[in-house]
Every structure is written in structure tokens, then in C-alpha cells.
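Close look at the chain arrangement
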Amino acid sequence: MHLKTLTVRGFKSFASATTFQFEPGVTAVVGPNGSGKSNVVDALAWVMGEQGAKTLRGGKMEDVIFAGTSGRPPLGRAQVSLTIDNTDGALPIEYTEVTISRTLFRSGGSEYAINGATCRLLDIQELLSDSGLGRQMHVIVGQGQLDAVLHATGEDRRGFIEEAAGILKHRRRKEKTVRK
Ligand code: ATP
Ligand code: MG
């Protein structure tokens, strides 16, 4: 399984429809400051169901919709589609290619779809959760965090890894139980 294409339209700085193609292996997005590299990563997290506006570097969810520039008026909706190669059947669905998409309207409504069929957020979360792509399975290391990881003490570094592996919440739960 690998990500094939990401299409953004009206999402953050991407007013016009823009498609990114990914090949298997490592992908690097390069560009000048402020050109939208982190917005690409935000779009990935968003289409996979991210619900936290702060995680998406905004104050409220509406901030993901293209807000306009001096030469271009704001848009009424943001839409992101992600196509995943599923030839290995890692996603529990009978398609070799799966496209998930998410739309948010400035008026407030939002829509999710799998291969063009409208669905619930829960359906997307369930589809991804067994595949290593689910809500707590993909790991996004934010800008500035890399330095913190590289300069961390052994114990702190272990904390980062446990957080990424989803172990930390179980440890916290255990500590809470033991204290009681
Ligand atoms: P750096 O190299 O500094 O990390 P970057 O390439 O990661 O930069 P981003 O943070 O992805 O850049 O993009 C920032 C740009 O996106 C800013 O110019 C900001 O105005 C623009 N932007 C963010 N949200 C919106 C929005 N809703 N509408 C229009 N533009 C937006
Ligand atoms: Mg950035």
C-alpha cells in the first residue's frame, strides 16, 4: 500500500486544484519559505480525518479554506482527495485503488466520501485504522519538533517513540490505575 496522489482545491494556500503524485519510497517536498510545504502535510492529515484545528495550525476548522489574497477572493469550500494504492489489500475494501475525500463548506457543513460514495467520518477512520494509516498510526513530526527529537535525552527520546507508537497513553493509564 502506498499513497498515489493527493489533490487539494481551496485548501489553505492552494486555491486552484493542485495534484501531487507520489511514488513508492521516500517523497520530499521542497520549496521556499511560505510556499505551502507544510500545507501539503496538513492536507494529508485533514483528509485522513484530523479533527483538531490546532494540529492543522489554525484557530478554527474554517481556517483550512482558502482565505483569499490581494488578487483572489476567498473560496467557499476546501476539498482534499487522497488516492491510495491498495493492490496488496492492506485496506479492508475490495478495490485496488481507494480514494478518500473530505469537503468543508464555509457555511459549516462537511462531507466525506470513499471512492465517490458519500460516507461518515467513522467509515474513513475504520477503513484506515487497520492499515497502519489510521488516526494514531501515521506519525507527523511537526516543524521544529525534529530539533527537539535530535537533542532529547535518552528518556525524552523514548517518550517520543512511545508517543509515536501509541504506547504512551497506555502507560499513562497504567500509572493512573497503579496510583489509585
Ligand atoms: P516554511 O518553509 O516557512 O515552513 P512552508 O512551505 O511550510 O514554509 P506553509 O506553512 O505550508 O509554508 O504555508 C504558509 C502559507 O500558507 C502562508 O503564506 C499562509 O498565508 C498560507 N495560508 C495558510 N492558510 C491559508 C488560507 N486559509 N488561505 C490562504 N492562504 C493560506
Ligand atoms: Mg513549513
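Residues numbered from 1 in each chain as written. Chains lettered and ligands numbered in written order. Predicted model: local features only at pLDDT ≥ 70, side-chain atom pairs only at ≥ 80, totals over all residues.

1. A look at the overall build of the protein
- The helix and strand inventory of the protein stands at 5 helices and 6 strands.
- The order of α-helices and β-strands along the protein, N terminus first, is β-β-α-β-β-β-β-α-α-α-α.
- Out of the 180 residues in the protein, the part that is buried amounts to 18%.
- Of the contacts made within the protein by residues no fewer than 6 positions apart, 48% connect residues no fewer than 24 positions apart. (Helix = DSSP H or I, 4+ residues; strand = E, 2+ residues; numbered from the N terminus. Buried ≥ 20, exposed ≤ 12 C-beta atoms within 10 Å, placed from the backbone. Contact = placed C-beta atoms within 7 Å.)

2. Observations regarding the domain arrangement of the protein
- Per the domain assignment, the segments of the protein are domain 1 (2-129) and domain 2 (145-179).
- Domain 1 and domain 2 are separated by 28 Å when their C-alpha centres are compared. (Domains from an automatic or database assignment.)

3. Remarks on the site of ligand 1
- Close to ligand 1 lie 15 residues, the nearest being Asn33, Lys37, Ser38, Asn39 and Ala67.
- For the shell around ligand 1, a count of residues per class yields 3 nonpolar, 9 polar and 3 charged. (Near = placed C-beta within 6 Å. Nonpolar A, V, L, I, M, F, W, Y, C, P; charged D, E, K, R; others polar.)

4. Examining the confidence of the model for the protein
- Confidence in the prediction of the protein, expressed as mean pLDDT, is 90, and 94% of residues score 70 or more.
- Scored as a complex, the prediction yields pTM 0.85 and ipTM 0.99. (pLDDT = per-residue confidence, 0-100.)

5. Remarks on the environment of Ala113
- Note on placement: Ala113 falls in strand E5 (residues 110-114).
- Given 17 C-beta atoms within a 10 Å radius, Ala113 is considered partly exposed.
- Residue contacts for Ala113: discarding those within four places in its chain leaves Ser101, Thr118 and Cys119.

6. A closer look at the sheet that holds strand E1 (residues 2-9)
- If you trace the 6 strands from one edge of the open sheet to the other, you get E2-E1-E3-E4-E5-E6, paired in antiparallel fashion. Pairing within the sheet leaves two strands with one partner each, and these edge strands are strand E2 (18-21) and strand E6 (117-119). On average, each strand axis in the sheet is tilted by 20 degrees relative to the strand beside it, whichever way the strands run.
- Pairing of strand E3 (residues 77-85) with strand E4 (residues 97-105) involves 9 bridges; the strand directions are antiparallel. Counterpart to Ser81 in the pairing with E4 is Ser101.
- On the sheet, helix H1 (residues 37-47) packs against E1, E2, E3 and E4 and is oriented at approximately 80 degrees with respect to E3. (Pairing = 2+ DSSP bridges. Axes fitted to C-alpha atoms, helices over the stretch in contact; angles between N-to-C directions.)

7. Brief notes about helix H2 (residues 121-129)
- Turning to H2, its buried residues number three or more, namely Ile124, Leu127 and Leu128. One side of H2 carries all its buried residues, which in axial view fall inside an arc of 90 degrees. (Arc of directions from axis to C-beta.)

8. Focus on unusual backbone geometry
- Residues other than glycine seldom take positive phi values, yet Lys12 does so here, at roughly 50 degrees.
- Looking at the element boundaries, Lys12 is found in the loop between E1 and E2.
- In this model, Asn115 sits at a positive phi of 45 degrees, which is unusual for a non-glycine residue.
- Along the polypeptide, Asn115 turns up in the loop between E5 and E6.

9. Some points on the UniProt feature "binding site: ATP" (unreviewed entry) in the protein
- In this structure's numbering, the residues bearing the UniProt feature "binding site: ATP" (unreviewed entry) are Pro32, Asn33, Gly34, Ser35, Gly36, Lys37, Ser38 and Asn39.
- Along the polypeptide, Gly34 turns up in the loop between E2 and H1.
- Mapping Gly36 onto the fold places it in the loop between E2 and H1.
- Apart from the residues lying within four places of it in its own chain, the contact partners of Gly36 are Lys12, Ser13 and Phe14. (UniProt positions renumbered as here; feature names shortened; annotations may be inferred.)

10. Let's talk about the nonpolar core
- The biggest cluster of nonpolar side chains holds 23 residues, and the ones touching the most others in it are Phe11, Ala43, Trp46, Val47, Val64, Ala78 and Val80.
- Elements with a contribution of two residues or more to this core: H1, E3, E4 and H2.
- In this structure, Ala43 is in contact with Leu6, Val8, Phe11 and Val80, ignoring residues within four places of it in sequence. (Core = buried A, V, L, I, M, F, W, Y, C linked by C-beta atoms within 7 Å.)

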